[in-house]
Amino acid sequence: MLRYVAVITALIIWGSAGILGRYLALPSLLIVTYRVLFGAGALGLVNGVLRSSGSLSGRPTRQRWPLIILSGLCLALNWVFFFQAIATTEVVNAVLAYYTAPVWVAATAPFLFKERLERKTLVAAVVAGLGLFLVLSGPGAQLGPGELAGIGWGLLAALFYAGVTLFGRLLRDLSPVLLVLWQCLSAAAVLLPVLLLTAGAGALRLDPLPLLLLAILGVIHTAGALVLYFWGLAGVKVQHLAVLSYLDPVAAVLFAFLFLGERPTGMVLLGGVLILGASLLLTIRKPNPNAAA
């Protein structure tokens, strides 16, 4: 149960990222680069403290490095394409495309991890999918001319988001702190040179408020949430995770109401209830009749 709570907490944290993004009128590449830099810095400190206390030891084996580097690239490209989608099309269209990722995860889980597809997962997926449709069905949800490119960016982001989840499951034997640290470093090694080549050294000079918001995104939404997510992922079935991922847009709607005054419609509230119900269905375990009383 604690693993499920960790994953759900991470998803709720990610749902609040849009609140900070509303105040950051910055290019997507710059936002993501700072996220992984701050995340790597925070986890570097945590790693040093844990190693000095003897709570953490060891390094990834040589066979693990290609997977770690690929997972770091998926992490970076997932965010870059998502922020690009947000900048190109309406938010509802970008989110709808982005949250096809759980479908790809659920579809590949039986083949990659030999998980038997459970009946309750299928029921929960249908209920959560209907809930997501209701959450995203509101004023302005219709496609307009010239927005297909934005949806394309959202679909690309979804594929890399699925990659982050699948690589994380394959690397579940690693310490989450080490895994996310090396993911952030791998992403930063690729993104920082590209940012400097395209935007110049001026991209490193920011005002205090944007820098503070980027630090929050890096430390809490990147380092902290990813460690929780990957720690929980080690004990959560991938097909369950695919449905739980729909809590992210529900959290985004809730935070928008609390902090931005954006009131959800009745349909959105109904969709949120359906998604929460689907998630609850997956977290409830049947009692073991053989367990001692």
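The rules behind the values
- Residues numbered from 1 in each chain as written.
- Predicted model: local features only at pLDDT ≥ 70, side-chain atom pairs only at ≥ 80, totals over all residues.
- Heavy atoms only, no water.
- Helix = DSSP H or I, 4+ residues; strand = E, 2+ residues; numbered from the N terminus.
- Buried < 20%, exposed > 50% of the residue type's maximum accessible area, 1.4 Å probe, protein only.
- Contact = heavy atoms within 4.5 Å.
- Areas by Shrake-Rupley, 256 points an atom, 1.4 Å probe, with all protein chains shown as cover.
- Salt bridge = Lys/Arg side-chain N within 4 Å of Asp/Glu carboxyl O.
- Patch = residues over 30% accessible without salt bridge, like charges linked within 9 Å, V, L, I, M, F, W, Y side chains within 5 Å.
- Expected span 1.5 Å × (residues − 1).
- pLDDT = per-residue confidence, 0-100.
- Axes fitted to C-alpha atoms, helices over the stretch in contact; angles between N-to-C directions.
- Parallel < 35°, antiparallel > 145°, perpendicular 65-115°, else oblique.
- Left-handed = near helix turned anticlockwise from the far one by under 90°.
- Phe/Tyr/Trp six-rings, centres within 6.5 Å; stacked < 30°, edge-to-face > 60°.
- Lys NZ or Arg CZ within 6 Å of the ring centre and 35° of its normal.
- Nonpolar A, V, L, I, M, F, W, Y, C, P; charged D, E, K, R; others polar.

Caption draft 1: Representation of the overall build of the chain in the model. A tally of regular secondary structure across the chain gives 13 helices and zero strands. Seen in sequence order, the chain has helices and strands lined up from the N terminus as α-α-α-α-α-α-α-α-α-α-α-α-α. Burial status across the chain gives 46% buried among its 293 residues. Considering only contacts in the chain between residues 6 or more positions apart, those separated by 24 or more positions represent 92%. For the chain, the exposed area adds up to about 14400 Å²; of that, 72% sits on carbon and sulfur atoms.

Caption draft 2: Representation of the pattern of salt bridges. Per the counting criterion, the structure on display carries one salt bridge. The salt bridge partner of Arg64 is Asp173, with a shortest N-O separation of 3.0 Å. Taken together, the positions of Arg64 in the loop between helix H3 (28–52) and helix H4 (65–88) and Asp173 in the loop between helix H8 (148–170) and helix H9 (176–199) put the pair 109 residues apart, joining distant regions of the chain. Its relative accessible area of 22% is what places Arg64 among the partly exposed residues.

Caption draft 3: View of a nonpolar patch on the surface. Taken together, Trp104, Trp153, Leu156 and Leu159 make up a surface patch of nonpolar side chains, about 360 Å² in accessible area. Top contributing element to the nonpolar patch by residue count: H8, with three residues. Along the chain, Trp104 turns up in helix H6 (residues 101–112).

Caption draft 4: Here's a closer look at H3. Look at H3: 36 Å from first C-alpha to last across 25 residues, which is about the 36 Å you get at 1.5 Å a residue. Two residues or fewer past H3, Gly54 is found with a positive phi of approximately 80 degrees.

Caption draft 5: Representation of the side chain of His221. Turning to its location among the elements, His221 is positioned in helix H10 (residues 208–233). If we ignore the near neighbours within four places in the chain, the residues touching His221 are Ile13, Trp14, Ser16, Ala17, Leu20, Arg35 and Ile216.

Caption draft 6: Spotlight on the confidence of the model for the chain. For the chain, mean pLDDT is 80; residues scoring 70 or higher make up 83% of the total. Averaged over each element, pLDDT in the chain is lowest for helix H5 (residues 91–98) (65) and highest for H10 (93).

Caption draft 7: Seen up close, the packing of H9 against H10. Contact pair H9 / H10: the axes reach a minimum separation of 9 Å and the direction vectors enclose 130 degrees. Here H9 is positioned oblique relative to H10, judged by the angle of their axes. When the axes of H9 and H10 are compared, the crossing they make is right-handed. On H10, the residues touching Pro176, Val177, Leu179, Val180, Gln183 and Cys184 of H9 are Thr222, Ala223, Leu226, Val227, Phe230 and Trp231.

Caption draft 8: Quick peek at the packing of aromatic side chains. For the structure on display, the rule yields six aromatic pairs. With centroids separated by 6.2 Å and ring planes inclined at 35 degrees, the aromatic side chains of Tyr34 and Phe38 adopt a geometry described as tilted. Linking Tyr34 with Phe38, this pair stays in helix H3, spanning four residues, or about one helical turn. Residue classification places Tyr34 among the buried residues on the basis of a relative accessible area of 7%. Residues Trp65 and Trp182 carry aromatic rings whose centres are separated by 4.7 Å and whose planes lie at 90 degrees to one another, so their mutual orientation is edge-to-face. Taken together, the positions of Trp65 in helix H4 and Trp182 in helix H9 put the pair 117 residues apart, joining distant regions of the chain. Looking at Trp182, the relative accessible area reads 22%, which means it is partly exposed. Among the aromatic side chains, those forming a connected cluster through ring pairs are Trp14, Tyr229 and Phe230. The cationic tip of Arg3 hangs over the ring face of Trp231; the distance from NZ or CZ to the ring centre is 4.1 Å.

Caption draft 9: Molecular detail of the packing of H3 against H4. Put simply, H3 and H4 touch, their axes get as near as 8 Å, and they point 145 degrees apart. As H3 runs across H4, the sense of the crossing is right-handed. Contacts between H3 and H4 involve Ser28, Leu29, Ile31, Val32, Arg35 and Val36 from the former and Ala76, Trp79, Val80, Phe83 and Gln84 from the latter. Partitioning the contact of H3 with H4 into residue classes produces eight nonpolar, two polar and one charged.

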